[in-house]
Every structure is written in C-alpha cells, then in structure tokens.
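Each chain, written out:
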Amino acid sequence: AEAVRRMCDAMVHRGPDDHGLRADGPCVLGHRRLSIIDLRPGGAQPMTNEDDTIAIVVNGEIYNFQELRQELEQRGHRFKSRSDSEVVLHLYEEHGVDFLDHLRGMFALALWDGPRRRLVLARDRFGQKPLFYRAGPKVFVFASELGGLVASRVFEKRADLDAIDAFISLQYVPAPMTAYAGVKKLPAGHRLVIENGVVHEPEPYFTLRFDEPREGSVQGLTQELADMLEEAVRIRMVSDVPLGAFLSGGIDSSLIVALMARQSSQPVKTFSVGFTSKDHSELPYAKLVADRYGTDHHEMIVEPDMSSIIPKMVRHYGEPFADSSALPTWYLCEYTRTGVTVALSGDAGDEAFGGYRRYMHSRTARAIRQMPWPLPQMAAGLLTNLPTPQAQEVRDYGERIMQPEYIRFLGLTAPIPHKDRMALYTGEMRERFAEDQMALEFRRLFEASRATDAVNRVIDVDIKTYLSDNIFTKVDIASMAHSLEVRCPLIDQEVMQFAASLPGSMKIRRMTTKYLLRQVAESLLPKKILTRPKQGFGLPIDRWMKEDLAPLSREVLLDRSARERGILDPSAIESLLEKQQRGEPRGFQIWSLMILELWYRECLEA
C-alpha cells in the first residue's frame, strides 16, 4: 500500500481533484482523479461492484456509457454513481474479459476480480491512454506514467539499450519497449491478464480491418463520413466541467470546431498558441475559423524559456521523446487549462485519412515500380540525377523509389537512419547494433499488413506505431501534466474503421491529400483553410540549434557524464555540432541526442 501511495503522489497532476486506495488480498489499486463525469464523491475510484468483490480503476472516458448503463440496468445491475467508469465493472460481470469489445472510448484500466484472483489490464484500441508495467519475480506493478512506476521503488532503474537505439532512430520509444530495462508498455488494443499469480502474455482484443474495402460514390461516402463525425463529436461533448477545443487553423481541428459549433447552444471556447517567429504561426488561420463560427476565442503568443522548460518536459515524459511539436503542444495545453478542463482536438486526421506526404510518395513509388522493365530504373535514375540544386527532395525521392517499402518508410520518418547512428556510436554500440533492428521491425510490420493498396499499407503501419507511440504520447503527457483531458473525435473506432475500409484513392487523389475528409469540410470551412499548405506543429529546430540552443546542446552533449556513458562517440558529436554551425541541417539529430542525455540526467540518475 505504501508503494502504491507513492505512485499516486507522483502522478497528482493527472488527478488533482481526489484520490483513493483499495487493498484486497495481494492486490492494491490506487487512483488519482480528474473529475469530469459525476463530480460527487460517489464518482471516486477505485470503484467496486454491488458486493465489493470486483474493483476497478480507469483513466480516460467511456463515451457510450449511457447506452451501456441502460442495457445493464435492464439486466438487473445496480449502480452507485453516475460515473462512466462504473459501467465497466458491470460489463465485466456480464461478459468476463470480453467486456472490452463493448467499450467506445479512450482508456487505460485495471480490474481486480477478488474471488478469481484475476487482474485484467487493458488499453484502448488506438493507444490514447498509456499503461506501463513491470513483471518482477515477486511483484507486478503498473501505472499511467513511467514516473509513477519508478516511484514504487520495487525495481532498479537501468537503461534498455535496444530502446535507446530505437529512440535515436525514431525520436520516440516504440511499444512494447520503454527506456527502462524490464519495463514495458501495454500496446494499444491489448489486454493483459494475471490469474492466480500467473502473468499471461499481452493479447490483442482489437484489430483495425484494412482488408474489407468499402464501395460507394464520393457523394454517398462523404455523407456517411459526415454523419459519423457529427456523432463522434456529439458523444465527446458530454461533460460536467467546462469544455472547449484546440484550434490550430488546420483542416482537422477546424472541422472539429465547426461540428461542435453546430451542436452547441453557447459559443465554443477555442484556444490557439503562436510563436514570435511569424513563419511558424498559424494564428491568422485559426482566427478565420473562430470568426466564422463566433467562438469564444483565446490566443497566446509564446516565447519559450528553453533552458527551464526542456528538463521539466523530459521529467514528465519519463523516457526520451524528441518530437519537437511536444513543445507547442505543452504550451497549448497549459494555456487551454486556464479556461476549460476538457478539450477536443483534431488528432489522427492525417493518419486516418491520408494527410502526410509519405502516403503520396508510397503511391507514386508503387505505380512506377509496376511499369514494364526497364522504365522503373530509368525513372528513378532521371529523378536522382536532376541537376538543379533546388531539386534535392526530388533526387532523394528518386533514390528511394527502388528501395523496399519499409526502408523507404524509415527514410521518410526516421531522423537518424542506421548509417548515421553507426557514425555516432561508440565501437561497442556499433558492434551491438550492426544489424538495423528498426528495419527488421518495420519489415515485419509491413509484411503483416493486410491492407490492399500502397497508401493504406503505410497508414496501417503509421497507426500501429507513430500514432499511438508518438502522437498520443505527446498529447497525453502534455495535457495531463496540466490536468487537462483531451478527446479526439477522429480516432473514434467507428470513424477509424470507416477510414480503414476506404481505398487509397479516397484519401490521396492526384496531388490532394485527405480527399474525402476535405469533401466533408468543403461546406463547413473557409476556402483558405482548405487550400493552405500543410504546416504542422513543428518548430525551427535547425535555426534554434545553430543559434539559441547552440550553447545548451554543446554543454549537454559534451559534458563529462555524456562522454563517459559509452553510447555516443565524443569526436562524432563534436563533428555533428560543427556541421550544424557550418549550415548543414543537423538540428533534429542534435535535438534528439540532447533529449536523450537530459533523460539520463533528469530521470535515470535522479
């Protein structure tokens, strides 16, 4: 119980409103509560069933809880609260471990069945909510954050070098690995059962189907998607506390705000952040949407205090995480929390409906490779040898056309490819990772995909990796660090399955990304929003690493402890920093390595 109390105290930011602890035999459950549904004491957790034999803790929201409750009450179940979490208890009584099939929401949960001495852990279908665990010889611990798990003090903190290599490649640690040896993430859409002391392997309870193509006209599919999105937004607007939305001015968040405004009797509260660097500000586009729908709009210009904010973020993430958009997301969540407790976002629109250029690249490469020989080699050679200096991106693409699908994907998504890692590593690390482990893993993922076209194959892999391990990690940590709940209508399981059944031509058409989603948005958004180039939420990392952050990166990466760590070759780091100063773009590599070293300092050795 003392260990669980420490774990809860370490995660007070995730639930500042209430806390609870329950011990039953060998199992102790703890919970920190951010009150959203049923603010009364009856909504506190851990919750128990009618005879107190089954207990549960839930992080997240169950959006179909009202319909489920009605069905369960008709079957004789009695409820103590109006909470969405209590529904899960009675579903388990009714369906056993298959209760997960009935949930529509985002969640990480733990359920203890006392009479059966059974513990069930589960994570939502797409990994919006995290769940970490460590299975030791005598004790099994789990938590919503790595910092909470570490606070248990039941295991020794050691770095997992396989996870470190994966992070340096991808800028995030992919599930089921974590940066700590022996600690794992429960993958999205999986459950883990422990019964009578036996820890079973995690097993999937959900798989997105890409092999059941949907047919229909553009008009018919557009209307079908519009209806689904309207419902997905509606069920996420149920809240007993103030609710608003992120508004970046991109298609996805703008569409969510438009659909919220159509269903709200009051002006929707919207929040945007911009940076002093105007070339990275989307505020004018956000204002267009806010004006069109008369939202209660709030915007803030940020000038980051990097030297203090970066170590703080590293501590919250608990393991290395170097997506630069984590910084603006952090500030957006902090600002949004000043006005609301729940915010809707447009996350997952790119992955579901084809918003990234890598999907277009995949489609084009597949088309060229299917041409009669020797035309593919001729096309690749022509693109590779374009003479103008401005055509570097096209030349790079030409080199990738004839590569295997998984190598091309990593070339477009991994900031530090294998050959660059080999140049940065010490001799011992080069020997250990001479074979590219990430290439092997992504080859396996592509071979396992049942998607029927080039665009959907890449989307399938993105959803299983980048979406859950990067996008949702970023949003969960940034939001919960500020006690803010973020809900994502575009990740609704009905919407995602609809999107997975669409052919690639409904996502990428000619040079237009997110084709079908744009059809839905056409009558709802200003034309400038639909035609603007994709900007994303990134930052001018190359400029920062050459100017503002150059002293910090040098101090961190060439510090004595970093030199003695045995991972990175100090002379290779010197060379990397010099290249950046000479104008060669190495900013993202330096940023990733700096985050790694700060994690060692702030988390592993703290």
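Placed above this text is the structure.
Residues numbered from 1 in each chain as written. Predicted model: local features only at pLDDT ≥ 70, side-chain atom pairs only at ≥ 80, totals over all residues. Heavy atoms only, no water.

1. With respect to the overall build of the chain
Each helix and strand in the chain was counted, giving 27 helices and 17 strands. Dimensions of the chain, computed from the C-alpha atoms along their principal axes, are close to 75 × 60 × 50 Å. Of all intrachain contacts in the chain linking residues separated by at least 6 positions in sequence, the fraction that spans at least 24 positions is 71%. A total accessible area of about 25,100 Å² is found for the chain, and carbon and sulfur atoms account for 50% of it. Charge centroids of the chain, computed over 77 positive and 84 negative side chains, lie 2 Å from each other. (Helix = DSSP H or I, 4+ residues; strand = E, 2+ residues; numbered from the N terminus. Contact = heavy atoms within 4.5 Å. Areas by Shrake-Rupley, 256 points an atom, 1.4 Å probe, with all protein chains shown as cover. Lys, Arg positive; Asp, Glu negative; His and termini not counted. Charge placed at Lys NZ, Arg CZ, Asp CG, Glu CD.)

2. Topic: the environment of Asp476
Of note, Asp476 is situated in helix α19 (residues 454-480). In this structure the C-alpha to C-alpha distance between Asp476 and Pro130, which are 346 residues apart in sequence, comes to 7.9 Å. The residues touching Asp476, leaving out its near neighbours within four places in the chain, are Arg14, Gln128, Lys129 and Pro130. A polar contact is formed between the side chain of Asp476 and the side chain of Arg14, at a distance of 2.9 Å. (Polar contact = N/O pair within 3.5 Å; in protein donor to acceptor, adjacent residues only side chain to side chain.)

3. A short note on the pattern of salt bridges
The tally for this structure, following the rule as stated, stands at 53 salt bridges. The salt bridge involving Arg532 is made with Glu282; its shortest N-O contact spans 2.7 Å. With Arg532 in the loop between α22 (527-531) and α23 (541-546) and Glu282 in the loop between β14 (269-275) and α8 (283-293), this residue pair connects regions lying 250 residues apart in the sequence. One exposure class covers both Arg532 and Glu282, and it is buried. Its salt-bridge partner being Arg444, residue Glu441 comes within 2.6 Å of it at the nearest N-O pair. With Glu441 and Arg444 both in helix α18 (residues 437-448) and three residues apart, this pair spans about one turn of that helix. (Salt bridge = Lys/Arg side-chain N within 4 Å of Asp/Glu carboxyl O. Buried < 20%, exposed > 50% of the residue type's maximum accessible area, 1.4 Å probe, protein only.)

4. Regarding the sheet that holds strand β8 (residues 140-143)
Taken together, the three strands give an open sheet; going across it, the order is β8-β7-β9, and neighbouring strands pair in antiparallel fashion. Strand pairing shows two members of the sheet lacking a second neighbour, β8 and β9 (184-185), which therefore form its edges. Bridge analysis of strand β7 (residues 132-135) against β9 gives two bridges, and the strand direction is antiparallel. Residue pairing in the sheet places Tyr133 in a bridge with Lys184 of β9. (Pairing = 2+ DSSP bridges.)

5. Considering the packing of aromatic side chains
Counting across every chain of the model gives 14 aromatic pairs. Judged by centre distance (6.5 Å) and plane angle (65°), the ring pair of Tyr172 and Tyr466 falls under edge-to-face. One end of the pair, Tyr172, is in the loop between α5 (161-170) and β9; the other, Tyr466, is in helix α19, with 294 residues separating them in the sequence. On the numbers, 6.0 Å between centres and 85° between planes, the contact of Phe271 with Tyr335 is edge-to-face. Placement of the pair is Phe271 in strand β14 and Tyr335 in helix α10 (residues 326-336), with a sequence separation of 64 residues. We note that Phe271, like Tyr335, is buried. (Phe/Tyr/Trp six-rings, centres within 6.5 Å; stacked < 30°, edge-to-face > 60°.)

6. A closer look at the packing of α18 against α19
Look at α18 against α19: their axes get within 9 Å of each other, and the N-to-C directions meet at 125°. By the angle between their directions, the pair α18 and α19 is classed as oblique. In the packing of α18 onto α19, the handedness of the crossing is right-handed. Taking contact as the criterion, the partners of Phe442, Leu445 and Phe446 in α18 are, on α19, Arg457, Val458, Val461 and Thr465. Looking at the contact of α18 with α19 residue by residue, the class counts come to five nonpolar, one polar and one charged. (Axes fitted to C-alpha atoms, helices over the stretch in contact; angles between N-to-C directions. Parallel < 35°, antiparallel > 145°, perpendicular 65-115°, else oblique. Left-handed = near helix turned anticlockwise from the far one by under 90°. Nonpolar A, V, L, I, M, F, W, Y, C, P; charged D, E, K, R; others polar.)

7. Focus on the sheet that holds strand β15 (residues 296-302)
As summarised here, the arrangement of the five strands in space is β15-β14-β13-β16-β17, forming an open sheet in which the pairing is parallel. The sheet is open, and its two borders are formed by β15 and β17 (485-487), each paired with just one other strand. Across the sheet, the axes of successive neighbouring strands diverge by a mean angle of 30°, strand direction being ignored. As paired elements, strand β13 (residues 243-246) and β14 share three bridges and run parallel to each other.

8. Examining a nonpolar patch on the surface
A contiguous nonpolar surface patch, about 260 Å² in accessible area, is contributed by Met371, Leu375 and Met378. Mapping Met378 onto the fold places it in helix α13 (residues 375-384). With a relative accessible area of 53%, Met378 lands in the exposed category. (Patch = residues over 30% accessible without salt bridge, like charges linked within 9 Å, V, L, I, M, F, W, Y side chains within 5 Å.)

9. Comments concerning the nonpolar core
Of all hydrophobic cores here, the largest spans 178 residues; its most connected members are Leu103, Phe442, Trp591 and Trp599. Counting residues per element, this core draws most heavily on α19, which supplies 12 residues. The residues contacting Trp599, other than those within four sequence positions of it, are Ala159, Ile164, Ala179, Tyr180, Val314, Gly318, Glu319, Pro320 and Leu604. Formed by 16 residues, the second largest nonpolar core is a distinct cluster that contains Ala108, Leu121, Leu131 and Phe140. (Core = buried A, V, L, I, M, F, W, Y, C linked by side-chain atoms within 4.5 Å.)

10. Considering the environment of Glu428
With respect to the helices and strands, Glu428 occurs in helix α17 (residues 427-432). On the accessibility criterion, Glu428 (65% relative accessible area) is exposed.

11. Some details on the environment of Glu522
The topology assignment puts Glu522 in the loop between α21 (515-521) and α22. Residue Glu522 is classed as exposed on the basis of its relative accessible area of 53%. Placed 267 residues apart in sequence, Glu522 and Leu255 show a C-alpha to C-alpha distance of 9.6 Å.

12. Quick look at the packing of α10 against α19
Close contact between α10 and α19 brings their axes to 8 Å; oriented N to C, the two are set at 35°. Handedness of the crossing formed by α10 with α19: right-handed. In this structure, α10 uses Ala326, Thr329, Trp330 and Cys333 to contact α19, whose residues at the interface are Lys474, Val475, Ala478 and Ser479. Here the residues of the contact of α10 with α19 sort into five nonpolar, two polar and one charged.

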